[in-house]
Amino acid sequence: MRRRPCLVACLLLVAAGGACRCDSFYFYDVVRARTEECDILPQGELCDEPDGFAPPVTEVWGIEHTGDQVRVYVDEEVWIANPANPEDDPDFVTANKLEVSAREPGPCTTTRTRSFELLASFEGLTGEIAERSRLDGPEECGETPTGLRTLSRLDGVLAGAP
């Protein structure tokens, strides 16, 4: 358990009259493997078979605990994790992002949502990431809605670990 040594040190410091913050920063080598891929079409979703998916990719993920805040670094992108529920496992991390952009004519609106749930500890990282990009708008935008929805499995090991 990665927090146990920190907890013991904090208890000793608090007992001695000091203050303590249990901050941590871990890097993981993560394999992202697609498990679901569906095209969003005006008539509904059309999902591909697994043999048509792109091959897995390797990414560097970082999990930083600073006080009550958790930041997740995915290659060069930064996510601020959702506030943790005190009853949840401290290694359980969730985050989501929403990006909306519009262009003429129309306006044609693209909505991109991404979210992940993972367990990240000294033993490794596991979880899933869901992504969805959808274009909506009037006739001038073409046939809508269109887009892509994916789900990927995340499996990682502590970077630099044997």
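Counting restarts for each chain, with residues numbered from 1 along the sequence as it is written. Under the rules for a predicted model, residues below a pLDDT of 70 receive no local features and side-chain atom pairs below 80 are neither given nor counted, while totals for whole chains, interfaces and linings still include all residues. Only hydrogens and water are set aside; all other atoms, that is, all heavy atoms of the structure, feed into the side-chain values.

## Observations concerning the overall build of the protein
And step 1. A helix here means a DSSP run of H or I that spans at least four residues, while a strand means a run of E at least two residues long, and both kinds are numbered starting from the N terminus. Each helix and strand counted, the protein has one helix and nine strands in total.
And step 2. Listing each helix as α and each strand as β along the protein from the N terminus yields α-β-β-β-β-β-β-β-β-β.
And step 3. At a minimum sequence separation of 6, the contacts of the protein that also span at least 24 residues come to 55%.
And step 4. In short, Shrake-Rupley with a 1.4 Å probe defines the accessible areas, and a residue's cover is counted only from the protein chains shown. Accessible surface, the protein as shown: approximately 10000 Å² in total, 55% of it carbon and sulfur. Any two residues whose heavy atoms approach within 4.5 Å are treated as being in contact.

## Let's talk about unusual backbone geometry
Note on backbone geometry: most residues besides glycine have negative phi, and most peptide bonds are trans.
And step 1. The peptide bond linking threonine 144 to proline 145 adopts the cis configuration, its omega dihedral lying at 0°.
And step 2. Of note, proline 145 is situated in the loop between strand E8 (124–136) and strand E9 (146–158).
And step 3. Unusually for a residue other than glycine, aspartate 75 sits at a positive phi of about 50°.

## What to know about a nonpolar patch on the surface
And step 1. A surface patch of nonpolar side chains, about 260 Å² in accessible area, is lined by Phe25, Phe27 and Val60.
And step 2. When you line up the elements, valine 60 lands in strand E3 (residues 57–66).
And step 3. Owing to a relative accessible area of 38%, valine 60 belongs among the partly exposed residues under this scheme. Here the term patch refers to residues with relative accessible area over 30% and no salt bridge, with like charges joined within 9 Å and nonpolar side chains (Val, Leu, Ile, Met, Phe, Trp, Tyr) within 5 Å. What makes a salt bridge here is a side-chain nitrogen of Lys or Arg within 4 Å of a carboxyl oxygen of Asp or Glu, nothing more. In this scheme, a residue with accessible area under 20% of its type's maximum is buried, one over 50% is exposed, and one in between is partly exposed, where area comes from a 1.4 Å probe on protein chains only.

## Points about the pattern of salt bridges
And step 1. Under the criterion given, the structure shown has 13 salt bridges.
And step 2. In this structure, aspartate 155 and arginine 153 form a salt bridge, with 3.5 Å as the shortest nitrogen-oxygen distance.

## Regarding the state of the cysteines
Each disulfide consists of a covalent bond between the sulfur atoms of two cysteine residues.
And step 1. Pairs of cysteine sulfur atoms within 2.5 Å are identified as disulfides in what follows. Counted under the stated rule, the structure contains two disulfides.
And step 2. Disulfide partner of cysteine 108: cysteine 141, at an S-S distance of 2.0 Å. Taking the torsion about the S-S bond as the criterion, the cysteine 108 to cysteine 141 disulfide, at about -100°, is left-handed. On the criterion of sequence distance, the pair formed by cysteine 108 in strand E7 (residues 108–121) and cysteine 141 in the loop between E8 and E9 is long-range, its members being 33 residues apart.

## A few points about the packing of aromatic side chains
And step 1. Ring geometry is summarised as follows: Phe, Tyr and Trp rings, the Trp one being its six-membered ring, pair when their centres sit within 6.5 Å, and such pairs are stacked at plane angles under 30 degrees, edge-to-face over 60 and tilted between the two. In this structure the tally under the stated criterion is five aromatic pairs.
And step 2. Taken together, a centroid distance of 5.5 Å and an interplanar angle of 10° make the contact between phenylalanine 25 and tyrosine 73 stacked. Of this pair, phenylalanine 25 sits in strand E1 (residues 24–41) while tyrosine 73 sits in strand E4 (residues 69–74), and the two are 48 residues apart along the sequence.
And step 3. By relative accessible area, which is 38% here, phenylalanine 25 ends up partly exposed.
And step 4. Exposure remark for tyrosine 73: the relative accessible area of 22% places this residue in the partly exposed category.
And step 5. Clustering of aromatic rings is evident, with ring pairs tying together Phe25, Phe27 and Tyr73.

## Looking at the pairing of strand E5 (residues 77–80)
And step 1. Pairing analysis gives four bridges linking E4 to E5, with the strands arranged antiparallel. Its bridge partner being in E5, valine 72 is matched across the sheet by tryptophan 79.
And step 2. Between the antiparallel neighbours E4 and E5 lie two residues, among them aspartate 75 with a positive phi of about 50°. By this definition, two strands are paired if DSSP reports at least two bridges between them.

## Looking at the nonpolar core
And step 1. Put simply, buried Ala, Val, Leu, Ile, Met, Phe, Trp, Tyr and Cys residues joined by side-chain atoms within 4.5 Å make one nonpolar core. Core analysis: the biggest nonpolar cluster contains 19 residues, and Tyr28, Trp61, Ile63, Val72, Phe116, Leu118 and Leu125 have the highest contact counts within it.
And step 2. Of all the elements in the fold, those that place two or more residues in this core are E1, E3, E4, strand E6 (92–103), E7, E8 and E9.

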